[in-house]
Amino acid sequence: MKDQRAFILILDMLAGHWAGKTTVPATGLPPPNVWGYAQAGKLPAFQDCIENGTFVKAWNKGNCNTPYGQKYLASGTYETRSVPGVDPYCLMVQGAEKETILSACKRKYPAGKVAAFGSDAWMQTGWWKATDCTMGWGSYYSDFLTSQQCFKWMLENPEWKMVLLYLPQYDLTGNCPVMGKDTAYTKDKHHSLLQLDRFLWMVKTFLQEKNWWNETGLFIGSDHGCHYGCDAAVKAGRKKGVPEKELSNYCSNHEPPYDCLVWDFEKNKPSKQRSDCCRRTTFIAGGGAWPARMRGKIVEQGEIIDFSPTIADFMKIKLPADGRSLL
Ligand SMILES: [Zn+2]
Ligand SMILES: [Zn+2]
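Residues numbered from 1 in each chain as written. Chains lettered and ligands numbered in written order. Predicted model: local features only at pLDDT ≥ 70, side-chain atom pairs only at ≥ 80, totals over all residues. Heavy atoms only, no water.

Asker: Can you help me understand the overall build of the protein chain in this one?
Answerer: From N to C terminus, the protein chain includes eight helices and 13 strands. Looking at the protein chain residue by residue over its 327 residues, the buried ones come to 58%. A fraction of 69% describes how many contacts in the protein chain between residues 6 or more apart in sequence connect residues 24 or more apart. Carbon together with sulfur atoms contributes 52% to the accessible area of the protein chain, which is approximately 13700 Å² in total. (Helix = DSSP H or I, 4+ residues; strand = E, 2+ residues; numbered from the N terminus. Buried < 20%, exposed > 50% of the residue type's maximum accessible area, 1.4 Å probe, protein only. Contact = heavy atoms within 4.5 Å. Areas by Shrake-Rupley, 256 points an atom, 1.4 Å probe, with all protein chains shown as cover.)

Printed below as a string of structure tokens:
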């Protein structure tokens with residue numbers, strides 16, 4: 001147990017699950033989300049994690065903006081609010097002094113190194129600031145180059161205890177006609193999700209090749225999803241002048257209202273079915289050291305604030321939090 005490590009992979013804006021029976025006319029698939037795409041056989045690496053780990057249909061029940069989502073993930077609590085009148089992206093979110101899973105890990109294992117790699121906005125105290133090494137680049141810096149820096153540091157610090165890798169590029173596809181004919185490859189959520197699957201495979205094979213896999217818990221999380229195929233997305237699309245026939249392909253970022261209804265494209269009005277799509281986040285726990293009794297399990301209802309408490313429990317770390325451990 002003392003040799004247990006944790007690799008935390010945060011994929012910005014990645015919806016983990018979606019409202020049932022919704023499909024995108026252009027692909028015949030559900031709107032891009034981990035569970036739906038894995039069920040359709042499109043995500044072999046995620047599928048592998050789901051079959052050998054615990055998949056949580058997780059919700060962000062707080063504010064669905066990134067500064068909050070990242071904080072809920074890091075701290076395991078919704079106890080945070082912005083200063084009135086101040087843009088949360090200026091990081092004026094209260095509670096920055098709160099313990100996170102990274103700081104708690106260092107306190108418990110002073111000899112084990114803790115590092116974080118990602119966008120500089122979130123590599124901050126109270127978010128993903130790590131004690132031994134924190135590398136942050138501008139928003140939407142290359143996922144590939146960020147991963148390479150992370151792997152390089154791990155090779156140089158084989159005694160690493162906890163590593164956070166945050167990849168933002170999927171969020172770059174946030175405000176786009178998703179399946180439009182002239183949509184550039186990198187601005188397409190469908191293709192970007194397939195690409196994330198390859199990044200996940202790269203993480204797993206890296207850990208395996210270095211013989212770290214069997215002692216590592218792999219925790220995959222996200223801060224929020226996006227509006228897509230719901231009344232909020234259709235309203236946003238109309239406001240931006242998206243042609244009526246393309247609205248079924250429209251996704252509109254993760255602005256309020258966070259609660260929304262599935263759009264009925266045949267009747268061209270909201271259906272009665274709840275979507276709440278930007279609250280649907282990814283949460284998968286797995287890796288070589290994940291307990292056998294938890295493998296292949298699906299948790300039907302979880303929350304974003306259960307993420308860090310689960311890592312803490314796995315690592316035998318005390319973390320004061322409001323969320324509950326899956327274990
Ligand atoms: Zn985000
Ligand atoms: Zn929505």
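Now that the structure has been shown, the text picks up again.
Asker: Explain a nonpolar patch on the surface here, please?
Answerer: Residues Y141, F144 and L145 make up a contiguous nonpolar surface patch of roughly 270 Å² in combined accessible area. Along the chain, F144 turns up in helix α5 (residues 143–156). (Patch = residues over 30% accessible without salt bridge, like charges linked within 9 Å, V, L, I, M, F, W, Y side chains within 5 Å. Salt bridge = Lys/Arg side-chain N within 4 Å of Asp/Glu carboxyl O.)

Asker: Looking at this structure, how should I read helix α8 (residues 307–314)?
Answerer: Side chains of residues three or four places apart in an α-helix project in the same direction, reflecting 3.6 residues per turn. Most of α8 sits inside the fold, with seven of its eight residues counted as buried. For α8, the complete set of buried residues consists of F307, S308, P309, T310, I311, A312 and F314. Two residues or fewer after α8 comes K316, characterised by a positive phi angle close to 60 degrees.

Asker: I'm lost on the coordination of the zinc ion (ligand 2) in this one. Help?
Answerer: When a metal holds four donors in a tetrahedron, each ideal angle between them is 109.5 degrees; when it holds six in an octahedron, the ideal angles are 90 or 180 degrees. Distances from the zinc ion (ligand 2) to its protein donors, H227 (ND1), C230 (SG), C260 (SG) and C277 (SG), fall at 2.0 to 2.4 Å. Around the zinc ion (ligand 2), the four donor atoms sit at angles spanning 100 to 120 degrees, and that spread fits a shape best called tetrahedral. If you list the donors of the zinc ion (ligand 2) from N- to C-terminus, the spacing comes out as H-x2-C-x29-C-x16-C. Here H227, found in the loop between β7 (216–221) and α7 (231–239), pairs with C277, found in the loop between β10 (269–274) and β11 (280–281); they are 50 residues apart in sequence, far enough to count as distant. Each member of the pair, H227 as well as C277, is classed as buried. (Donors = N, O, S within 2.8 Å, 3.2 Å for Na, K, Ca; no water. Tetrahedral: all angles 85-135°; square planar, octahedral: opposite > 155°, others 65-115°.)

Asker: Explain the coordination of the zinc ion (ligand 1) to me, please; I cannot follow it from the model alone.
Answerer: The coordination sphere of the zinc ion (ligand 1) contains the protein donors D12 (OD), T66 (OG1), D223 (OD) and H224 (NE2), at a distance range of 2.0 to 2.2 Å. Every donor counted, the four donor atoms about the zinc ion (ligand 1) form angles of 91 to 150 degrees at the centre, which fits irregular coordination. Positions of the donor residues of the zinc ion (ligand 1), expressed as sequence spacing, correspond to D-x53-T-x156-D-H. Linking T66 in helix α3 (residues 66–75) with H224 in the loop between β7 and α7, this pair joins segments that are 158 residues apart in sequence. When sorted by exposure, T66 lands in the same class as H224, which is buried.

Asker: Help me understand the packing of α5 against helix α6 (residues 189–209) in this model?
Answerer: For any two helices packed against each other, one specifies the inter-axial angle together with the distance between the axes. For the pair α5 and α6, interaxial distance at closest approach is 12 Å and the crossing angle is 10 degrees. In terms of their interaxial angle, α5 and α6 are classed as roughly parallel. Contacts between α5 and α6 pair D143, F144, S147, Q148, F151, M154 and L155 from the former with L196, F199, M202, V203, F206 and L207 from the latter. Considering only residue class, the contact of α5 with α6 consists of ten nonpolar, two polar and one charged. (Axes fitted to C-alpha atoms, helices over the stretch in contact; angles between N-to-C directions. Parallel < 35°, antiparallel > 145°, perpendicular 65-115°, else oblique. Nonpolar A, V, L, I, M, F, W, Y, C, P; charged D, E, K, R; others polar.)

Asker: Would you mind showing me how to read a positive patch on the surface here?
Answerer: Residues K108, R293, K297, K316 and K318 make up a contiguous surface patch of positive charge. With relative accessibility at 42%, the residue K108 sits in the partly exposed group. (Lys, Arg positive; Asp, Glu negative; His and termini not counted. Charge placed at Lys NZ, Arg CZ, Asp CG, Glu CD.)

Asker: What is the right way to look at the nonpolar core in this model?
Answerer: Within soluble globular proteins, side chains that are nonpolar tend to cluster in buried spots. Judged by nonpolar contacts, the single largest core of 54 residues is most densely connected at F7, F46, F117, M154 and I220. Looking at this core element by element, the count peaks at eight residues for α6. Not counting residues up to four positions away in its chain, the partners in contact with F7 are C150, M154, V163, L165, V203, L207, T216, G217, L218 and F219. Core analysis: the next-biggest nonpolar cluster, separate from the first, contains 41 residues, Y109, A130, A312 and L319 among them. (Core = buried A, V, L, I, M, F, W, Y, C linked by side-chain atoms within 4.5 Å.)

Asker: How should I be thinking about the pairing of strand β12 (residues 283–286) in this particular structure?
Answerer: Side-chain direction in a regular strand flips from residue to residue, so the side chains alternate between the two faces of the sheet. Judged by which residues are buried, β12 turns out to be covered on both faces: F283 and A285 on one side and I284 and G286 on the other are all buried. One ladder, built from four bridges, connects β7 with β12; its direction is antiparallel. The residue bridging I220 from the neighbouring strand is I284, located in β12. (Pairing = 2+ DSSP bridges.)

Asker: Would you mind showing me how to read the side chain of R280 here?
Answerer: By secondary structure assignment, the location of R280 is in strand β11. For the buried R280, no salt bridge exists, and the shortest N-O distance to an oppositely charged side chain is 6.4 Å, to D276. Reaching out from R280, the side chain makes a polar contact with the backbone oxygen of W18 at a distance of 3.4 Å. Setting aside its immediate chain neighbours within four residues, R280 contacts L14, A15, G16, H17, W18, A19, A58, W59, H224, G225, R274 and S275. (Polar contact = N/O pair within 3.5 Å; in protein donor to acceptor, adjacent residues only side chain to side chain.)

Asker: How should the packing of helix α2 (residues 44–51) against α6 be read in this particular structure?
Answerer: Viewed as axis vectors pointing N to C, α2 and α6 meet at an angle of 55 degrees, and their least axial separation amounts to 7 Å. Judged by the inter-axis angle, α2 sits oblique to α6. Between α2 and α6, the residues in contact are P44, A45, F46, D48 and C49 and L196, D197, L200, W201 and K204, respectively. When grouped by side-chain class, the residues that make up the contact of α2 with α6 number seven nonpolar, no polar and three charged.

Asker: Would you explain the environment of A289 in this entry?
Answerer: Within the secondary structure, A289 sits in the loop between β12 and β13 (297–303). A289 sits 76 residues away from W213 along the chain, and the two C-alpha atoms are 7.3 Å apart.

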